[in-house]
Amino acid sequence: MTIAWCKDLETGVPLVDTQHRELIRRVNAYLDAAREGRGGEVLADTFCFLDSYVRSHFADEEALMRRHAYPGLAGHRQAHRALEAKLAEVRERIAGGEPNLLALLETNQLLAGWLTNHILHHDRRFATWLQRAAA
Ligand SMILES: [Fe+2]
């Protein structure tokens, strides 16, 4: 179970798409490792990467939205904060011990699920609005 990049995930905003591709690449590397039974080994590294990358990616998106006075900014920010809280919750749960199978499965679901759902719903809504506003 990895995430295949497809047209539906494209927002058409170059900076955002580049960052999404990198996020997906890293999450896929983790999901591949998990499939091979090495999820526990690479989990800490994955979360270390996500911790900083996700924050700067969200900050870039929000700055772009502010610059264009996107009316959906408040809701989008809320979705970002909720994802950050969820990531922090999972990170805490797996910290300080060998993660069990349930923790790994929850992590897989969270990473694959939130990434695609957030891009497909929230990010694309902004991208569509941006394209219309620029037309
Ligand atoms: Fe977003």
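Residues numbered from 1 in each chain as written. Predicted model: local features only at pLDDT ≥ 70, side-chain atom pairs only at ≥ 80, totals over all residues. Heavy atoms only, no water.

## Quick word on unusual backbone geometry
How we decide: Comment: elements are numbered from the N terminus, with helices defined as DSSP H or I runs of at least four residues and strands as E runs of at least two.
Non-glycine residue A69 carries a positive phi angle of around 50°. On the secondary structure map, A69 appears in the loop between α2 (39-67) and α3 (73-94).

## What to know about the packing of aromatic side chains
Basically, it comes down to this: Two rings from Phe, Tyr or Trp (for Trp, the six-membered ring) form a pair when their centres are within 6.5 Å of each other. A pair whose planes differ by under 30 degrees is stacked, one over 60 is edge-to-face, and the rest are tilted. Between buried and exposed lies partly exposed: a residue is buried under 20% and exposed over 50% of the maximum accessible area for its type, with that area taken using a 1.4 Å probe on protein chains only.
By the definition in use, this model includes four aromatic pairs. Ring centres of Y70 and F126 lie 4.8 Å apart, and the angle between their planes is 65°; this geometry places the pair in the edge-to-face category. Here Y70 is found in the loop between α2 and α3, whereas its partner F126 is found in helix α4 (residues 101-134), with 56 residues between them in sequence. Side by side, Y70 and F126 carry an identical accessibility label, which is buried.

## Regarding the coordination of the iron ion
Condition: Water is absent from the atoms considered, so a metal site may look incomplete; donors are defined as N, O and S atoms within 2.8 Å of the metal, or 3.2 Å for Na, K and Ca.
The protein atoms that coordinate the iron ion are E61 (OE), H76 (NE2), H80 (NE2), H118 (NE2) and D123 (OD), at distances of 2.0 to 2.3 Å. Ordering the donors of the iron ion by residue number gives the pattern E-x14-H-x3-H-x37-H-x4-D. On the criterion of sequence distance, the pair formed by H80 in helix α3 and D123 in helix α4 is long-range, its members being 43 residues apart. What makes H80 buried here is its relative accessible area of 0%. For D123, a relative accessible area of 3% corresponds to the buried category.

Function-wise, these values are silent; they only describe arrangement.
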